[in-house]
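# Inside the fold
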Amino acid sequence: MEPDEPGWQLLDDFFAKEASGRAEATVRRYVRVRDRLTRFLDTGDMSPWLGSEPGTLLSAEREFHESGAFWQLFSADELVCALPGFLLEPWMPDGLGEARTQISLVSRLLSHLSRKRLIDFSVVRCAYWEAEAAVKQARVDLEGRSATREPDEWAQEMPLRFRQEPGPQW
């Protein structure tokens, strides 16, 4: 797919707007989420979200296009349908901060698509509500994951450089 195709512009404009004025570390997290979203659209199984016929069509299109097959066939309407799958394993990162960022960006992407009228609500109203529900569920799941998660062993030990070891006495 060419970089000037509407699908890429939609994502590029959204992520550029979100990253504007943010700290460098935040921008890097946003870039990683965008890369995961692009990989999800390029390689993920869309059948559960789009239906078996569009999923099969997408699989066939991927044989001709290594990247961008999703945008060759679909638009922002189908993106809304597919976004709940982006909030599930294996697409959710392991790190809590990174996962929170991904959930937040999906929520803001949905709002952006709605606010800019890039989706046809007469067609995808239910899918939009399902995507919003998936965002809420992902937040609940993340809270549960962080509450039950044991701290890393290395996090329990203070690094040697911070210990006040007695030095040589004068």
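Quantities reported herein were computed from a predicted structural model and do not represent experimental measurements. (Residues numbered from 1 in each chain as written. Predicted model: local features only at pLDDT ≥ 70, side-chain atom pairs only at ≥ 80, totals over all residues. Heavy atoms only, no water.)

## Structural notes on the overall build of the protein chain
Each helix and strand in the protein chain was counted, giving eight helices and zero strands. Reading the protein chain from its N terminus to its C terminus gives the helix and strand order α-α-α-α-α-α-α-α. When burial is assessed residue by residue, the protein chain has 38% of its 170 residues classed as buried. Element-wise, carbon and sulfur atoms account for 52% of the exposed surface of the protein chain, whose accessible area totals about 10,800 Å². (Helix = DSSP H or I, 4+ residues; strand = E, 2+ residues; numbered from the N terminus. Buried < 20%, exposed > 50% of the residue type's maximum accessible area, 1.4 Å probe, protein only. Areas by Shrake-Rupley, 256 points an atom, 1.4 Å probe, with all protein chains shown as cover.)

## A look at the nonpolar core
Leu 11, Leu 37, Leu 41, Leu 79 and Leu 109 are the most contacted members of the largest nonpolar core, which totals 44 residues. When contributions to this core are tallied by element, the ones reaching two or more residues are α1 (6-19), α2 (24-43), α5 (69-73), α6 (76-86), α7 (96-115) and α8 (121-148). What Leu 109 contacts, discounting residues up to four positions off in sequence, is Leu 10, Leu 11, Phe 14, Leu 37, Leu 79 and Leu 83. (Core = buried A, V, L, I, M, F, W, Y, C linked by side-chain atoms within 4.5 Å. Contact = heavy atoms within 4.5 Å.)

## Observations regarding α7
With 20 residues, α7 extends 28 Å between its outermost C-alpha atoms, agreeing within 8% with the 28 Å of an ideal straight helix rising 1.5 Å per residue. Burial in α7 covers these residues: Leu 96, Glu 98, Ala 99, Thr 101, Gln 102, Ile 103, Leu 105, Val 106, Leu 109, Leu 110, His 112 and Leu 113. Phi turns positive, to about 55 degrees, at Arg 117, one or two residues after α7. (Expected span 1.5 Å × (residues − 1).)

## Thoughts on the pattern of salt bridges
Counted by the stated rule, this structure contains seven salt bridges. In this structure, Glu 98 and Arg 32 form a salt bridge, with 2.9 Å as the shortest nitrogen-oxygen distance. One end of the pair, Glu 98, is in helix α7; the other, Arg 32, is in helix α2, with 66 residues separating them in the sequence. Through salt bridges that share partners, Lys 17, Glu 18, Arg 22 and Arg 108 make up one connected network. (Salt bridge = Lys/Arg side-chain N within 4 Å of Asp/Glu carboxyl O.)

## Quick notes on the environment of Phe 86
Within the secondary structure layout, Phe 86 lies in helix α6. Through-space distance from the C-alpha of Phe 86 to that of Gln 102 is 8.9 Å; in sequence the pair is 16 residues apart. With near-sequence residues (within four places) excluded, Phe 86 lies in contact with Val 33, Arg 36, Leu 37, Phe 40, Trp 91, Met 92, Gln 102 and Val 106.

## Considerations on the environment of Pro 48
Looking at the secondary structure, you find Pro 48 in helix α3 (residues 47-50). The class of Pro 48 is exposed, set by a relative accessible area of 54%. Once the C-alpha coordinates of Pro 48 and Ala 82 are considered, the two residues, 34 residues apart in sequence, prove to be 8.4 Å apart.

## Comments concerning the confidence of the model for the protein chain
The predicted model of the protein chain has a mean per-residue pLDDT of 89, with 83% of residues at 70 or higher. Of all the helices and strands in the protein chain, α1 carries the lowest mean pLDDT, 89, while α6 carries the highest, 97. (pLDDT = per-residue confidence, 0-100.)

## Things to note about the packing of aromatic side chains
Counting across every chain of the model gives six aromatic pairs. Seen in terms of ring centroids, Phe 14 and Phe 15 are 5.1 Å apart; in terms of plane orientation they differ by 80 degrees. Their pairing is edge-to-face. With respect to burial, Phe 14 and Phe 15 carry one shared label: buried. Every member of this aromatic cluster is reached through a ring pair, and the members are Phe 40, Phe 86 and Trp 91. (Phe/Tyr/Trp six-rings, centres within 6.5 Å; stacked < 30°, edge-to-face > 60°.)

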